Amino acid sequence: VVKMVKICCIGAGYVGGPTMAVIALKCPSIEVAVVDISVPRINAWNSDQLPIYEPGLEEVVKQCRGKNLFFSTDVEKHVREANIVFVSVNTPTKTQGLGAGKAADLTYWESAARMIADVSKSDKIVVEKSTVPVKTAEAIEKILMHNSRGINFQILSNPEFLAEGTAINDLFKPDRVLIGGRETPEGMKAIKALKDVYAHWVPEDRILCTNLWSAEVSKLAANAFLAQRISSVNAMSALCEATGADVSQVSHAIGFDSRIGPKFLNASVGFGGSCFQKDILNLVYICECNGLPEVANYWKQVIKVNDYQKTRFVNRVVSSMFNTVSGKKIAILGFAFKKDTGDTRETPAIDVCKGLMGDKARLSIYDPQVPEEHIQRDLQMNKFDWDHPIHLQPTSPSTINQVIVASDAYEATKDSHGVCILTEWDEFKNLDYQKIYNNMQKPAFVFDGRNILDVEKLRKIGFIVYSIGKPLDKWLKDMPAVA
Ligand code: NAD
Ligand code: UDX
């Protein structure tokens, strides 16, 4: 009798939840348990209100939950029973001590590893799913080996490439699955075991096997390259504004070069999300620690340009409106870091809102998926604190009196002087902008940080329009913004 493979995943977050749900769906013969120390998170996974919003996720969860997919806080039991343990805990940027503001905080990772060593009674494959610094597998190996009491652990690196908002599709049809392991017979056997899981639905030629360090570096490299593309096009957007070129036309033209390719070339108010900035900071820190300051400085620029882009946007808003937004109502449409997610980690909206609040604006914010308390919390929190659970405990409901959260775009924009589009939600494309214009103070401004609106149409209605990297209105040319 072939024993059923049991998988346990530590960390029921944006990665652990969807990834395991898809494994369960695609591998009915495998039992999958997703465990977490957070009771509310597990309760939510077991309810009708999943803890994260991701198109298609609910259907997948509903199909397998209670059959071969379980969500539990009994971490130790499920780890003990599993053959394969994924570790998908958060690895945020350190806020204190050595490497603060740069290095990855591996506290959660290490405590998960020690727990695995403590409770295990049989051999296990331990899979790094979290994004970690290169050589983390070695550290984890040491922790497990020194505490193992004769049990055999094989460590694999299996970084996740899903993007939020398209997670289910990315998991169903991944460009590739990457598995790194030791080049020993036991290591190869472990790689094969994990490969067999993915082979249930991923074509074999898309499952890449490498050594451990290549897999760890590839994850940091992929995110660095992707973020660099956005900073590159955003840097061009500033040049376009200065010269009368249109960044969308430039992206289109360069994207036709098959070596460059058309994807991921949308100029924006800046990239956000829990990964890009954190992983590049981590990469920079690792390069510095390895005596490679030139390499570190090269990648640091990607973040500097991203910060510049957010500052530039705020300066445009303020300078266009006669150099002051003090006491003026500004509508913020979109707070999530991209469309189709409620996630606000590192969203550019936080920096833009804080910048405008610094100039004493009154903000009226609307996002279709982000709850009011998250918006208020994010605008009160310090940089990098967001991913450390200790800071996410419900605080006193103190709200910032400069900020109100509206329940739709029309309410948010009513009586405002300006509208900022900060997330590219589809519903913002089809709003009745004539109605919005009629209910605004004049002159009425639109600042499109995502280039989703028809600039000419808005100008015909009477708006003064700024759209990233597009030819400027005469008005804006007369009011130059210096970042
Ligand atoms: P998350 O914060 O949504 O989820 C992490 C979960 O781990 C939390 O629910 C937390 O309670 C739990 N946890 C922490 N320590 C634990 C412990 N000792 N035992 C049990 N549970 C514990 O994070 P996420 O977005 O899912 O990211 C997880 C990892 O995956 C990170 O390293 C991240 O860089 C990487 N990653 C994220 C994405 C993404 O799009 N979010 C994509 C690829 C990779
Ligand atoms: C990213 C990577 O894409 C994914 O492979 C990795 O596993 C995790 O990090 P994610 O952060 O979820 O995924 O979303 P992504 O689509 O990459 O967008 C990141 C940010 O870049 C968003 O703020 C988005 O709005 C911005 N972006 C993206 C642009 O500004 N322009 C673009 O052309 C593309």
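In this numbering scheme, every chain counts its residues from 1 along its sequence in written order. The lettering of chains begins at A and the numbering of ligands begins at 1, in the order of writing. Only residues with pLDDT of 70 or above have their local features reported here, since the model is predicted, and side-chain atom pairs are shown and tallied only from 80 upward, although totals for entire chains, interfaces and linings are computed over all residues. In computing side-chain values, all of the structure's heavy atoms are included and hydrogens and water are not.

What follows is about the site of ligand 1. Near ligand 1 there are 26 residues, and of these Asp36, Arg41, Thr91, Glu164 and Lys278 occur at the shortest range. For the purposes of these results, a polar contact is taken to be a pair of N or O atoms within 3.5 Å, where, inside protein, one atom must be able to donate a hydrogen and its partner to accept one; residues adjacent in sequence count only when each atom of the pair is a side-chain atom. Within the side chain of Ser274, an N or O atom sits 3.5 Å from a nitrogen atom of ligand 1. Contacts to ligand 1 include Lys278, whose side-chain N or O atom sits 2.5 Å from an oxygen atom. Only the protein chains shown count as cover for residues, with accessible areas throughout obtained via the Shrake-Rupley method and a probe of 1.4 Å. Relative to its free-state accessible area of 830 Å², ligand 1 is covered by the protein chains to the extent of 93%. Amino acids outside the nonpolar list (Ala, Val, Leu, Ile, Met, Phe, Trp, Tyr, Cys, Pro) and the charged list (Asp, Glu, Lys, Arg) are all regarded as polar, and Gly is one of them. When grouped by side-chain class, the residues that make up the shell around ligand 1 number eight nonpolar, 10 polar and eight charged. Near residues are defined by distance, with any heavy atom within 4 Å of the molecule or strand qualifying the residue.

At a minimum axis distance of 9 Å, the contact between helix α6 (residues 136-146) and helix α9 (residues 212-243) shows a crossing angle of 125°. For the element pair α6 / α9, the angle class is oblique. Counting all contacts with α6, which are made through Thr136, Ala137, Glu138 and Glu141, the residues of α9 involved are Leu212, Trp213 and Glu216. Each residue belonging to the contact of α6 with α9 can be placed in one class, and the counts come to three nonpolar, one polar and three charged. Comment: axis = line fitted to C-alpha atoms, over the contacting stretch for helices; angle = value between 0 and 180 degrees taken between N-to-C directions. Helix and strand labels come from DSSP, where a helix needs a run of H or I of at least four residues and a strand needs a run of E of at least two; each type is numbered from the N terminus. Any angle that falls under 35 degrees is termed roughly parallel, while one over 145 is termed roughly antiparallel, one within 65 to 115 roughly perpendicular, and all others oblique. A contact between two residues is defined here by any heavy atoms of the two lying within 4.5 Å.

With that out of the way, let us pick up the sheet that holds strand β14 (residues 464-467). Should DSSP find at least two bridges between two strands, the strands are regarded as paired. If you walk across this open sheet you meet the six strands as β11-β10-β9-β12-β13-β14, and the pairing is parallel. Both edges of this open sheet fall to β11 (403-405) and β14, since each of them pairs with a single strand only. Across the sheet, the mean angle separating the axes of adjacent strands is 20° when strand polarity is ignored. Here helix α12 (residues 293-320) sits on the sheet and contacts β9 (329-333), β12 (418-421), β13 (445-448) and β14; the angle it forms with β13, its principal contact strand, is near 170°. Along the sheet face, helix α14 (residues 372-380) touches β10 (362-366) and β11 and points at about 160° away from the line of β11.

This part is about the pairing of strand β1 (residues 6-10). The element β1 is extensively covered by neighbouring structure, given that four of its five residues are classed as buried. Inspection of the sheet shows β1 paired to strand β2 (residues 31-35) by five bridges, in the parallel sense. What sits directly across from Ile7, in β2, is Val32. Looking down the strands as they point away from the viewer, one classifies a crossover as right-handed if the path from the first strand across the helix to the second runs clockwise. Taken together, β1, helix α1 (residues 16-26) and β2 form a β-α-β motif whose crossover is right-handed. Both β1 and strand β4 (residues 84-87) contribute to a ladder of four bridges, which runs parallel. Bridging across to β4, Ile10 finds its partner in Val87. Categorising residues by exposure relies on relative accessible area from a 1.4 Å probe, with only protein chains included: less than 20% of the type maximum marks a residue as buried, more than 50% marks it as exposed, and the intermediate range marks it as partly exposed.

Let us look at the site of ligand 2. If you check the shell around ligand 2, you find 20 residues, and the closest are Phe161, Leu162, Glu164, Ser268 and Arg450. Interatomic distance of 2.8 Å between a backbone N/O atom of Phe337 and an oxygen atom of ligand 2. Calculation on ligand 2 without its partners gives an accessible area of 670 Å², and the protein chains cover 91% of this total. Looking at the shell around ligand 2, the element that brings in the most residues is α9, giving four residues.

This paragraph deals with the environment of Asp343. With respect to the element layout, Asp343 can be found in the loop between β9 and α13 (348-358). Owing to a relative accessible area of 3%, Asp343 belongs among the buried residues under this scheme. Each C-alpha atom of the pair Asp343 and Glu54 lies 9.8 Å from the other, and the pair is 289 residues apart in sequence. Not counting the four nearest positions on each side in its chain, Asp343 is found in contact with Tyr14, Glu164, Ala336 and Phe337.

Each salt bridge in this description consists of a side-chain nitrogen of Lys or Arg and a carboxyl oxygen of Asp or Glu lying within 4 Å of one another. With the rule as written, the count across this model stands at 26 salt bridges. We note a salt bridge from Glu204 to Lys195, for which the minimum N-O separation is 3.7 Å. Residue classification places Glu204 among the exposed residues on the basis of a relative accessible area of 52%. Its relative accessible area of 21% is what places Lys195 among the partly exposed residues. When the shortest N-O distance is used, the salt bridge between Arg459 and Glu456 registers 3.4 Å. Separated by three residues within a single helix, Arg459 and Glu456 lie in helix α17 (residues 455-461), roughly one turn from each other. Judged by relative accessible area, which is 47%, Glu456 ranks as partly exposed. Each of Lys6, Lys77 and Glu81 takes part in salt bridges that share partners, so that together they form one network.

With that settled, consider the nonpolar core. Side-chain atoms within 4.5 Å link the members of a nonpolar core, which is a set of buried Ala, Val, Leu, Ile, Met, Phe, Trp, Tyr and Cys residues. Core analysis: the largest hydrophobic core is formed by 62 residues, its most contacted members being Phe313, Ile330, Leu356, Leu379 and Phe463. Ignoring any residue separated from it by four or fewer positions in sequence, one finds Phe313 in contact with Val269, Val352, Cys420, Leu422, Phe447, Asp448, Gly449, Tyr466 and Ile468. With 42 residues, the next largest nonpolar core counts Ile7, Trp45, Val60 and Ile125 among its residues.

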